[in-house]
Each structure stands twice: as C-alpha cells, then as structure tokens.
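If you want the building blocks of each chain, they are given just below.
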Amino acid sequence: MGKFIDDFKAFALKGNVVDMAVGVIIGGAFGKIVSSLVNDVIMPPIGVLTGGVDFKDLKMVLKDAAPAVLDEAGNEVAAATEAVTLNYGMFIQNVIDFLIIALAIFFMIKGITRLTELKKKKEAAVAEAAPEPEPSHEEVLLAEIRDLLKEKK
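Residues numbered from 1 in each chain as written. Predicted model: local features only at pLDDT ≥ 70, side-chain atom pairs only at ≥ 80, totals over all residues. Heavy atoms only, no water.

A. Representation of the overall build of the protein within the structure. Helix and strand content of the protein: four helices and four strands. Along the protein, helices (α) and strands (β) appear in the sequence α-α-β-β-β-β-α-α when read from the amino end. When the backbone C-alpha atoms are referred to their principal axes, the protein occupies close to 125 × 60 × 30 Å. Counting the 153 residues in the protein, one finds 7% classified as buried. Once local pairs closer than 6 in sequence are excluded, the contacts in the protein between residues at least 24 apart make up 55%. Total accessible area on the protein is roughly 13000 Å²; 67% of this is exposed by carbon and sulfur atoms. Across the protein, the 17 positively charged side chains and the 22 negatively charged ones have centroids separated by 9 Å. (Helix = DSSP H or I, 4+ residues; strand = E, 2+ residues; numbered from the N terminus. Buried < 20%, exposed > 50% of the residue type's maximum accessible area, 1.4 Å probe, protein only. Contact = heavy atoms within 4.5 Å. Areas by Shrake-Rupley, 256 points an atom, 1.4 Å probe, with all protein chains shown as cover. Lys, Arg positive; Asp, Glu negative; His and termini not counted. Charge placed at Lys NZ, Arg CZ, Asp CG, Glu CD.)

Written out as structure tokens, the structure reads:
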C-alpha cells in the first residue's frame, strides 16, 4: 500500500498534472465568463433584432403534455405527463457559446505564438550581436601545432 501512495504522490505532484489542474480551473471560470457574455450581452440584441425571440425558449413540441386523469372519486388513474420537446433554441445558444470560446482561444493562442516568436527573434539577435569569445590558451596552442604540422607536409 505504501508503494501505491508513493507512486500516486509522484504522479500528482508532477508539474504537468498541476499545470493541467490550473488550466481546468481557469478554463471553467473562462467558460462562465463566455457564457455570461453570450447570454447577457450578445443574445439580447440578437433577440431584439429577431423580434424579441429568446433563443432559450425556441422549441418544437413533439408530444403535448397530458394532465392527470382522475376518476369520479378523485383518485388519480393516470399520472400527468410533461410535454416532449425538441429544444433547438438551446442548441443554437450552445453553438454560439462554442464559437465565441473557440474564437477567444484562437486569439489567445495566436497572441502567445506571436510573443514566443518575438522572444526567439530577440534571443537570436542578441546571440548574433554577441562577440565571438576569445579562444582559450589551449586552443591557441593547438592551432599553432596544427599550423606547424601543415607546414611540414
């Protein structure tokens, strides 16, 4: 049992697992922000443009609701059933949520990629501008020996 706990600790405390956990938590919060953006900022004007339609309420009734059936004594013979609906408005809402999240992530990754490229270019420029280091005393002696050997041939 002790080896299992040690293995689990090693797994749970790896940098990648912790980074992933932070990403999941931030992603959940980001999802709430985007959902609020869609529900509270984007969809109301779209609803106004479409004549006051709230996409969440758009649905197709496949089977109407049925009230409970009572006998003469007032006992319930058949329970009430809810309507069966196809909620395509919620689907439209979720598609818009997805598109906005995908667009936001696209711009975020594009920005991170651009910053990474700029950093690499800056590092390359610094490396090019750095003067060539002076050869060590040993390297100078080895070069002289090489040159002397070339002359004897």
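B. Examining the pattern of salt bridges more closely. Tallying each qualifying case throughout the model produces two salt bridges. Between Asp7 and Lys3 there is a salt bridge, with the nearest N and O atoms lying 3.3 Å from each other. Of this pair, Asp7 and Lys3 both sit in helix 1 (residues 2-12), four residues apart, roughly one helical turn. Across the pair Arg146 and Asp147 runs a salt bridge, and its minimum N-O distance is 3.3 Å. Since its relative accessible area comes to 35%, Asp147 is described here as partly exposed. (Salt bridge = Lys/Arg side-chain N within 4 Å of Asp/Glu carboxyl O.)

C. Representation of helix 3 (residues 88-129) within the structure. Taking 1.5 Å per residue, 42 residues should reach 62 Å; helix 3 reaches 61 Å between its end C-alpha atoms and fits that length. Residues of helix 3 that are buried include every one of Gly89, Gln93, Asp97 and Ile100, and no others. (Expected span 1.5 Å × (residues − 1).)

D. Structural context of a nonpolar patch on the surface. There is a patch of nonpolar side chains on the surface, built from Met1, Phe4, Ile5, Phe8 and Phe11 and spanning about 620 Å² of accessible area. When you line up the elements, Phe8 lands in helix 1. (Patch = residues over 30% accessible without salt bridge, like charges linked within 9 Å, V, L, I, M, F, W, Y side chains within 5 Å.)

These results come straight from atomic positions and should not be treated as a statement about function.
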